[in-house]
Structure formats: structure tokens, C-alpha cells
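The lines below spell out each chain.
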Amino acid sequence: MPQPVRIGINALYLIPGEVGGTEIYLWSLLRALASVDERNEYFVYLNAETAGEDFSFTSPRFHLVHCNVKARFRPHRILWEQSVFPARLSSDRIDVVLNPGFTAPLLASCPSVTVFHDLQHKRHPEFFRWFDLPFWNLLLWLSVRRSRTLIADSEATALDLERYYQRSGAKTIFVPLGVDPQFFEIGQRRRAADQRGDRYILIVSTLHPHKNLARAMEAFAIFRKSHPNFRLVIAGMRGFAAGQLESHCRELGLQECVRFTGWIPRSELYDLFERATAFLAPSQFEGFGMSVIEALAAGIPTACSAISPFDENVGSVAARFDPGSVPAMAAAMEIAACDPAFRGCAVTAGPAQAARFDWKETARLTLEQLEKAAR
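Criteria and cut-off values
Residues numbered from 1 in each chain as written. Predicted model: local features only at pLDDT ≥ 70, side-chain atom pairs only at ≥ 80, totals over all residues. Heavy atoms only, no water. Buried < 20%, exposed > 50% of the residue type's maximum accessible area, 1.4 Å probe, protein only. Helix = DSSP H or I, 4+ residues; strand = E, 2+ residues; numbered from the N terminus. Arc of directions from axis to C-beta. Contact = heavy atoms within 4.5 Å. Core = buried A, V, L, I, M, F, W, Y, C linked by side-chain atoms within 4.5 Å. Phe/Tyr/Trp six-rings, centres within 6.5 Å; stacked < 30°, edge-to-face > 60°. Pairing = 2+ DSSP bridges. Right-handed = clockwise from strand over helix to strand, strands pointing away.

Bringing helix H7 (residues 182-192) into the picture now. Taken as a whole, H7 has its buried residues at Phe183, Ile186, Gly187 and Arg190. Considered in projection along H7, the buried side chains sweep an arc of 105 degrees and stay on one side of the axis. Turned more than 90 degrees away from the buried face of H7 sit Gln188 and Ala192, all of them exposed. Where H7 is buried, its residues touch helix H10 (266-275) and helix H11 (290-297).

Moving on to the nonpolar core. By size, the foremost hydrophobic cluster in this structure holds 65 residues, and its most contacted members are Leu30, Leu202 and Phe273. Looking at which element gives the most residues to this core, the answer is helix H1 (residues 21-36), with nine residues. Setting aside residues no more than four positions away along its own chain, Leu30 makes contact with Ile9, Val44, Phe57 and Phe62. With 33 residues, the next largest nonpolar core counts Ala216, Ile234, Ala303 and Ala332 among its residues.

The next point concerns the packing of aromatic side chains. On inspection of all chains with the given rule, the structure shows 14 aromatic pairs. Ring geometry for Tyr45 and Phe85: centres 5.1 Å apart, planes at 70 degrees, overall edge-to-face. Within this pair, whereas Tyr45 is found in strand E2 (residues 41-46), its partner Phe85 is found in helix H3 (residues 85-91), the two being separated by 40 residues in sequence. With respect to burial, Tyr45 and Phe85 carry one shared label: buried. A network of ring pairs unites the aromatic residues Phe102, Phe116, Phe128 and Trp136 as a single cluster.

Attention now moves to the pairing of strand E9 (residues 231-235). Within E9, four of the five residues are buried, which leaves it mostly tucked inside the rest of the structure. One ladder, built from five bridges, connects strand E8 (residues 200-204) with E9; its direction is parallel. When the bridges of E9 are listed, Tyr200 appears paired with Arg231. Of the crossover connections in this fold, the one passing from E8 over helix H8 (residues 213-226) to the parallel E9 is right-handed. Where E9 lies against strand E10 (residues 258-262), four bridges are found, and the strand directions are parallel. Each bridged residue has a counterpart across the sheet, and for Val233 the counterpart in E10 is Arg259. Each parallel crossover has a hand, and the one from E9 via helix H9 (residues 242-251) to E10 is right-handed.

This is the structure:
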């Protein structure tokens, strides 16, 4: 039997409540790895911002390593990751390091497996601040070159890696994400509950430009003319477009019926899913679209953009629309929130579609690549 592998987890990028879906990805993956892997040892490298957070694991094979680096000042984190971190990996005798946040320690003596959640900096550079884009281009190019294996969340991202980084296709592996089992339980409770109370359409999204939330509010303004009792709830951390979106909301006269929650605890998010009338995913671009799968798992009637990788993940279960068309988005809202036939089908078709996504399978496929890279 092969010897156990000492696996490093590069969580230096993680700032709780400030990195969006990659935080959910990391902890969901680690919990799943703890449940499927009874042999290897894990060393999770954390930054100063995570001090005091409860990241306990039931497995004694997981070790939290707190590092003296402040990730909120990104240049400091990147410099530490590229200079000090390789030596720390060597002193801890790490056999392979998993980088879940795009960047890899380039001088590490052990092999790297790096996760690419999307290639937005290549597909839509207009959504990046001018002073961020050169660093994204350089660091991600170096990560592609230096990593032994690249993991893509979706087939669309795998194709983008091959398109934008020559000869990366041979070392790129597609590993789909999973869905939190809590959402299937929410779906069961929704089927047993009376959904005629508070009526709102839910969006779960960071307030970034590519999330297309300005058009979503314009579509909601059209929808609300016929349905004045509905609200729009946008749950997610404040991003680059937060100020503009709040101003646009006031310009549309929607400030009394649109709620921006900011980053909220997972328990509050579960509650929003449980009571939502419908779910909307209006993005112009996504790497995977985890919240859409969560909505389907919860049996929520869902409308989403006709983009990759939604094309891969939702099948015919969701009402689809052109993300550039406000009227089309408003029409899809009408279907998801008010069409009895569509809503009745969503209760069972959504969970059936979402059942294809399992964090334990994500963990098994990821572990397979880690063990392969280590040897």
C-alpha cells in the first residue's frame, strides 16, 4: 500500500466573508475530504484574518497552521506566499500543495495542484480594476506554468484554460463542485410548508459588475408593475459595484422593495432559501454558479442566464434568458414566480438535477489528483 501523503492546503487567500464563493468551496471541499480520506494528513495554512474563526474538523488528520501574513493587504500576502511559504512547506515536509485560490507558490519544492474557478480576467478584463489586471495576468500565467495539475470547476473553464494558456490542456482536469446537503433538506421543508406568506425573488451574488445586477433590478421594476407585493432580496458580500447598484436602486424607486443583505451567516442564507418564492441568477459570466445548483436542490423555481456553465449544469430545469435583455429577464421572472406548471415541476425536477453534484465526489476526484501529483 502506498505511503500516506502530507497534503498542504494553501488557504492564505481566505478572508472570511470577503472572498465570496471560493470560501464556500474551500470549506465544503475540506469537510468532504475529511469524510472520504482516512489515510493522508492535511496541513491547512491560514492567514492572520482567520484568527479566532472556528475551523475545527472532526478528523485528527487535519492540522491548522496559522501564518503571520495579512491577506487583506494583497501585495503582502502574495509576497509572503512567494517567498516565505515555500520554505514553510519544505520544513513541514509537504508532499503536494493544493491551491484553491488561483495562485501557487512558484518556488515550492513540492508539486502544486491549482484550482481555477474561472478565467474572468481573460474573458472579461473590462470587469477588473486597471491596477489589478496586470497582477492577475502575470500570477495566473505563472501558476499555470508552475503547477503540475490544474483543476477546473466546469468544462467551460477547462476549455478556457486550453484556449488562453497553450499546452495546458494536457494537465487540466475537470472536477465539478458539489451541493450542500442542507439545501435538499430545505427543499423537503418547502414542500411541507405554506409558501403563500412573504413573497420575494432571491439573488445570491457578490455585488460585482459581471453579476449583471443593474439589469436584474430593471427587470424587477418591470415585473413589479404587475406584482406590487413582491420584493427582491440580493444576498452577498459588497463588491466593486455596490455603490453604483445602491444608487441605481434609488433611481428606479425600488429602495423600499429591494434589500441588499451584505455577507450573512450560512444559517441566515438557509432561511432566505427556505422562504423564497423564486430564484434568479442574472450573471453575464460565471465559472460554475454554485448558488443556482443550491436553488435547484431546494426546489425553488429558478430563472438563470443562458450562459456557460449554466448550460452544463441546469439542463432544462430553469427558465433561461439572454442576460443582455431586460424584457427577457422580466419574462423569466414571471415564469419562475408565477407560472403554476413551471413551479410545480421545479419542486421535483430541481432536486433531481442538483443530485448530480456531490461534494464527496468532488473530494474523491481532487484527492486522486493530489495523490497522483505527489508521486
